[in-house]
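Each chain is listed here by its residues.
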Amino acid sequence: MSKLPTHVTLVDVGPRDGLQNEKQAVSTEDKAQLVALLQAAGLKEIEVTSFVSPKWVPQMADNAAVMAAIDRQPGVRYSVLTPNLKGFESALATRPDEIVVFAAASEAFSQKNINCSIAESIERFVPVAEAAHAAGIKVRGALSCAVGCPYEGDISADQVERVVQLMKGIGVDHLGVADTIGVGTPRKVQAAMERALKHYPLVEVSGHFHDTYGQALANIYACLELGVHHFDTSVAGLGGCPYAKGATGNVASEDVVFMLNGLGIDTGIDLDRLVDAGAFISGLLGRPPVSRVARAVLAKRQG
């Protein structure tokens with residue numbers, strides 16, 4: 001237990017990674033309201049939107065409008081996904097605190113997802129990282145399929161380390177290790193994390209876990225044992241993965257906060273207000289939250 005961190009920072013990716021997979025359109029006002037509720041609950045890092053082609057991700061077509069509509073609070077970091085230089089240039093006018101670029105640890109996933117090799121995908125981000133740094137903006141890298149791929153199956157720690165080094169080489173400041181399809185288990189996740197920690201300091205490594213096989217909380221705990229104290233979560237468990245049938249998507253922020261509270265680890269997040277945020281967006285989508293903790297808290301309130 002002595003190795004567990006005393007404080008954990010959560011990045012809520014619900015407004016971006018969560019909503020982008022939703023078929024039902026969510027209005028700009030409601031997206032801004034979700035961000036407002038998250039920061040009212042104490043979230044200090046929020047992934048707001050992505051600057052991608054509206055042809056590919058219609059839900060994110062109002063990216064600039066959402067960034068203009070959010071009520072920015074001091075001490076809160078607002079990040080956006082920028083898959084290429086054109087996306088970055090559009091994002092720049094909206095003053096993000098951080099941009100997110102991504103690459104896969106799997107060649108097959110890279111080809112199927114963005115029609116190029118891993119090396120080519122990294123090369124595309126060179127001008128993005130340079131432009132971001134020139135503008136004083138931090139660059140966060142997301143390393144998808146870090147433990148498993150829907151096409152290749154198991155991904156080795158060596159494959160992970162290769163891409164970690166490529167990202168480090170182009171100036172990515174922070175590395176997020178992502179189990180995109182939720183097939184990871186604790187030892188495997190630790191092996192991938194350890195490779196990231198060979199090249200990045202503890203403070204600049206995070207975990208991003210999907211709960212497809214119900215392993216996300218166990219995987220987060222395994223990372224806590226390594227001292228990792230930065231994780232992506234999604235309010236109400238929003239989102240899915242289009243590449244994994246039945247994937248429940250990102251681990252729910254409420255479930256992670258409940259676990260961390262139980263471990264005596266500070267997050268600065270008010271669980272009740274977080275449940276309110278999840279209930280708000282789930283209500284708009286016409287379904288209960290995926291989060292088990294949120295369901296339990298809401299049932300208790302009704303009772």
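Structure first, text after, so check above.
What you are looking at is a predicted structure, and each value in this text was computed from that prediction instead of being measured.

1. A few points about the nonpolar core
Side chains of a nonpolar character, in soluble globular proteins, are inclined to be buried together. In this structure, Leu10, Ile99, Met193, Leu224, Phe231, Leu274 and Ile281 are the most contacted members of the largest nonpolar core, which totals 89 residues. Residues within four places of Leu274 in sequence aside, it is in contact with Leu38, Ala41, Leu43, Val235, Ser253, Glu254, Val257 and Ile269.

2. Describing the packing of aromatic side chains
Under the criterion given, the structure shown has two aromatic pairs. With 5.8 Å between their ring centres and 70° between their planes, Phe102 and Phe125 make a pair best called edge-to-face. Residue Phe102 is found in strand S4 (residues 98–104), and its partner Phe125 is found in the loop between helix H6 (118–124) and helix H7 (126–134); the two are separated by 23 residues along the sequence. For Phe125, a relative accessible area of 4% gives the class buried. Considering the side-chain rings of Phe109 and Tyr151, the 6.3 Å spacing of their centres and the 40° angle between planes classify their relative orientation as tilted. Of the two residues, Phe109 is situated in helix H5 (residues 107–114) and Tyr151 in the loop between strand S6 (148–149) and strand S7 (153–154); the sequence distance between them amounts to 42 residues. The class of Phe109 is buried, set by a relative accessible area of 3%. Its relative accessible area of 37% is what places Tyr151 among the partly exposed residues. Taking the ring centre of Tyr200 as reference, the NZ or CZ of Lys168 above it sits at 4.5 Å.

3. Re the side chain of Thr267
Here Thr267 lies in the loop between helix H11 (253–262) and helix H12 (271–285). For Thr267, a relative accessible area of 9% puts it in the buried group. Engagement of the side chain of Thr267 in a polar contact is seen with the backbone nitrogen of Ile269, the distance being 3.1 Å. With near-sequence residues (within four places) excluded, Thr267 lies in contact with His7, Val8, Val257 and Leu260.

4. As for the sheet that holds S4
As summarised here, the arrangement of the eight strands in space is S1-S2-S3-S4-S5-S8-S9-S10, forming a closed barrel in which the pairing is parallel. Across the sheet, the mean angle from the axis of one strand to that of its neighbour is 30°, orientation sign disregarded. As defined by bridge partners, strand S9 (residues 205–209) adjoins strand S10 (residues 230–233) across two bridges and the pair is classed as parallel. Bridge pairing in S10 links Gly207 to Phe231. Against the sheet, helix H2 (residues 28–40) engages strand S1 (9–12), strand S2 (45–50) and strand S3 (77–81), with an angle of about 170° to S2.

5. A few points about the pairing of S2
Most of S2 is tucked away: six of the six residues are buried. When S1 meets S2, the two strands line up parallel, connected through two bridges. Each residue of the ladder has a partner; that of Val11, found in S2, is Glu45. Judged from the five bridges that link them, S2 and S3 form a sheet pairing that is parallel. In the sheet register, Ser50 faces S3, and the bridge partner there is Leu81.

6. Details of the pairing of strand S5 (residues 138–144)
Where burial is concerned, most of S5 is hidden: five out of the seven residues are buried. Inspection of the sheet shows S4 paired to S5 by seven bridges, in the parallel sense. Across the sheet, residue Phe102 finds its bridge partner in S5, namely Ala142. In terms of strand pairing, S5 meets strand S8 (residues 174–179) through four bridges, oriented parallel. Paired with Ala142 across the strands is Gly176, a residue of S8.

7. Focus: the state of the cysteines
Tallied over the full model, the rule gives zero disulfides. Distance from the sulfur of Cys223, which forms no disulfide, to the nearest cysteine sulfur (Cys145) is 16 Å. Here Cys223 falls in the buried class, since its relative accessible area comes to 0%.

8. Comments concerning the packing of helix H10 (residues 216–225) against H11
Relative orientation of the contacting elements H10 and H11 amounts to 45°, with a least axis distance of 11 Å. Accordingly, the angle class assigned to the pair H10 and H11 is oblique. Note that H10 runs across H11; the crossing there is right-handed. Contacts from Leu217, Ile220, Tyr221 and Leu224 in H10 reach Asp255, Val256, Met259 and Leu260 in H11. A class-by-class count of the residues in the contact of H10 with H11 yields seven nonpolar, no polar and one charged.

9. Things to note about unusual backbone geometry
It is generally the case that most residues other than glycine have a negative phi and that most peptide bonds are trans. You will see that Arg95, though not glycine, has its phi angle at about 60°, which is positive. Take Arg95: it is sitting in the loop between helix H4 (85–92) and S4.

Basis of the calculations
- The residue numbering used here restarts from 1 in each chain and proceeds along that chain's sequence as written.
- With pLDDT at 70 or above as the cut-off, local features in this predicted model cover only qualifying residues; side-chain atom pairs require 80 or more to be listed or tallied, and sums for whole chains, interfaces and linings still use all residues.
- Side-chain measures were taken over the full set of non-hydrogen atoms in the model, leaving aside hydrogen atoms and water.
- Here, the term nonpolar core denotes a set of buried Ala, Val, Leu, Ile, Met, Phe, Trp, Tyr and Cys residues that are joined through side-chain atoms within 4.5 Å.
- Accessibility here uses a 1.4 Å probe with only protein chains present; expressed as a share of the type maximum, an area under 20% marks a residue as buried, one over 50% as exposed, and anything in between as partly exposed.
- Pairs of residues are marked as contacts when any of their non-hydrogen atoms sit within 4.5 Å.
- Pairing of aromatic side chains requires ring centres within 6.5 Å, counting the rings of Phe and Tyr and the six-membered ring of Trp. Pairs whose planes differ by under 30 degrees are stacked, by over 60 edge-to-face, and all others tilted.
- Think of it this way: any DSSP run of H or I at least four residues long counts as a helix, any run of E at least two long counts as a strand, and we number them from the N terminus.
- Should the NZ of a Lys or the CZ of an Arg lie within 6 Å of a ring centre and within 35 degrees of the ring normal, that charge is described as sitting over the ring.
- Each polar contact in these results corresponds to two N or O atoms within 3.5 Å; when the atoms are within protein, one needs to be able to donate a hydrogen and the other to accept it, and residues that are neighboring in sequence are counted only if both atoms are side-chain atoms.
- When DSSP finds at least two bridges between two strands, those strands are taken to pair.
- Helix axes are fitted to C-alpha atoms over the stretch in contact, other axes to C-alpha atoms as well, and angles between N-to-C directions run from 0 to 180 degrees.
- Count a disulfide wherever a pair of cysteine sulfur atoms falls within 2.5 Å.
- Roughly parallel here means an angle under 35 degrees, roughly antiparallel means over 145, roughly perpendicular means 65 to 115, and every remaining angle is called oblique.
- If you view the pair so one helix is near and one far, a crossing is left-handed when the near helix is turned anticlockwise from the far one by less than a right angle, and right-handed when it is turned clockwise.
- When residues are grouped by polarity, Ala, Val, Leu, Ile, Met, Phe, Trp, Tyr, Cys and Pro land in nonpolar, Asp, Glu, Lys and Arg in charged, and all others, Gly among them, in polar.

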